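Inside the fold
Residue-level listing of the chains:
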Amino acid sequence: QKEVEQDPGPLSVPEGAIVSLNCTYSNSAFQYFMWYRQYSRKGPELLMYTYSSGNKEDGRFTAQVDKSSKYISLFIRDSQPSDSATYLCAMSEPGNNRLAFGKGNQVVVIP
Amino acid sequence: EAGVAQSPRYKIIEKRQSVAFWCNPISGHATLYWYQQILGQGPKLLIQFQNNGVVDDSQLPKDRFSAERLKGVDSTLKIQPAKLEDSAVYLCASSPATSGPYEQYFGPGTRLTVT
């Protein structure tokens, strides 16, 4: 079983729709949860991070963590064509900066 | 502030050849990481340096991959000899010495194709 599972299926949505992405994990030691955005031929860039269960909002983005279910989600409200990218979840244990990534979801927002 | 620089951006080699990638981290960042990202997968950590010392190289295939970070700044990653399965994007990232895992800044990567 992989540490981090992220269904890599591509996702196409119309502009203005809500995008919902999720990851599951098996390592109970993970305490840091990140979402990265990766544009084509670029490196990943951090979107959001959290280390507690519950919701964290930043503008149109909401990160949700449920440690009891080992499940994290990212929601993008009012999606824009500029949100078209691959979204990667990543996790880490305390005191260890090794990031365990999911496979990523390619999101296409259609104008 | 300049970001993480990597070169070359693209490289095509034949199997069994050798190749080297170069990374220049963000100025002042003590920690440097090399990740391998195979098409359709998330990045996988190969090696982590703190200044010029290795912190974690548990996932580095040491029979063919090597990395060094001279003087605690720039780093090179070498593959010798290359295999077809080494085709991937090699990402370099850096972070300040005392930082959380979320403070890694990634470069644009080097796309390697092994034929």
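Residues numbered from 1 in each chain as written. Chains lettered and ligands numbered in written order. Predicted model: local features only at pLDDT ≥ 70, side-chain atom pairs only at ≥ 80, totals over all residues. Heavy atoms only, no water.

Time to look at the overall build of chain A. When helices and strands are counted, chain A shows zero helices and eleven strands. In sequence order, the secondary structure elements of chain A are arranged as β-β-β-β-β-β-β-β-β-β-β. Here the C-alpha radius of gyration of chain A, 13 Å, is about what a compact globule of 111 residues would show, namely 13 Å. Counting only C-alpha atoms and orienting by the principal axes, one finds that chain A spans roughly 40 × 30 × 20 Å. (Helix = DSSP H or I, 4+ residues; strand = E, 2+ residues; numbered from the N terminus. Rg over C-alpha atoms; globule rule 2.2 N^0.38 Å.)

Below, the discussion takes up the state of the cysteines. The full count for this structure, using the stated rule, is two disulfides over all chains. Each sulfur in the disulfide pair Cys23(A) and Cys89(A) lies 2.0 Å from the other. An S-S torsion of about -105 degrees defines the bridge between Cys23(A) and Cys89(A) as left-handed. Within this pair, whereas Cys23(A) is found in strand S3 (residues 19–25), its partner Cys89(A) is found in strand S9 (residues 85–92), the two being separated by 66 residues in sequence. Taking relative accessible area as the criterion, Cys23(A) reaches 1% and is therefore assigned buried. Given the relative accessible area of 0%, Cys89(A) is considered buried. Cys23(B) shares a disulfide with Cys92(B); S-S distance 1.9 Å. Handedness of the Cys23(B)-Cys92(B) disulfide follows from its S-S torsion of about -70 degrees: it is left-handed. In this pair, Cys23(B) sits in strand S3 (residues 19–24) while Cys92(B) sits in strand S9 (residues 88–95), placing the two residues 69 residues apart along the sequence. (Disulfide = S-S within 2.5 Å. Buried < 20%, exposed > 50% of the residue type's maximum accessible area, 1.4 Å probe, protein only.)

Moving on to the sheet that holds strand S8 (residues 71–76) of chain A. Either a parallel or an antiparallel arrangement is found when strands of a sheet pair, and the pairing is made through backbone hydrogen bonds. All names here are of chain A. The five strands are arranged S1-S3-S8-S7-S6 in an open sheet whose pairing can be described as antiparallel. The open sheet terminates on both sides in strands that have one partner only, identified here as strand S1 (4–5) and strand S6 (54–58). Pairing of strand S7 (residues 61–66) with S8 involves six bridges; the strand directions are antiparallel. In the sheet register, threonine 62 faces S8, and the bridge partner there is phenylalanine 75. (Pairing = 2+ DSSP bridges.)

As a further point, take the nonpolar core. Soluble globular proteins tend to bury their nonpolar side chains together. Among the nonpolar cores identified, the biggest contains 25 residues, and Trp35(A), Ile72(A), Leu74(A), Tyr87(A) and Met91(A) are the most heavily contacted of them. At the level of secondary structure, the elements contributing two or more residues to this core comprise S3, strand S4 (32–38), strand S5 (45–50), S7, S8, S9 and strand S11 (105–110) of chain A. Contact partners of Ile72(A), with chain neighbours within four places excluded, come to Leu21(A), Asn22(A), Cys23(A), Tyr25(A), Phe33(A), Trp35(A), Gln64(A), Val65(A), Cys89(A) and Met91(A). Residues Ile26(B), Leu46(B), Ile47(B) and Phe49(B) belong to the second largest nonpolar core, which totals 21 residues. (Core = buried A, V, L, I, M, F, W, Y, C linked by side-chain atoms within 4.5 Å. Contact = heavy atoms within 4.5 Å.)

Once that is clear, we can look at unusual backbone geometry. Keep in mind that most residues, glycine aside, have a negative phi and that most peptide bonds are trans. In this structure, the amide linkage connecting Ser7(B) to the following residue, Pro8(B), adopts the cis form with an omega of -10 degrees. Topologically, Pro8(B) is positioned in the loop between strand S1 (5–7) and strand S2 (10–13). Phi at Lys70(A) takes a positive value of approximately 55 degrees, unusual for a residue other than glycine. Counting through the fold element by element, Lys70(A) comes out in the loop between S7 and S8. On the basis of relative accessibility, which here comes to 24%, the residue Lys70(A) falls in the partly exposed class. We note that Lys71(B) has phi near 60 degrees; this positive angle belongs to a residue other than glycine. With respect to the helices and strands, the residue Lys71(B) is situated in the loop between strand S7 (65–68) and strand S8 (75–79). Judged by relative accessible area, which is 79%, Lys71(B) ranks as exposed.

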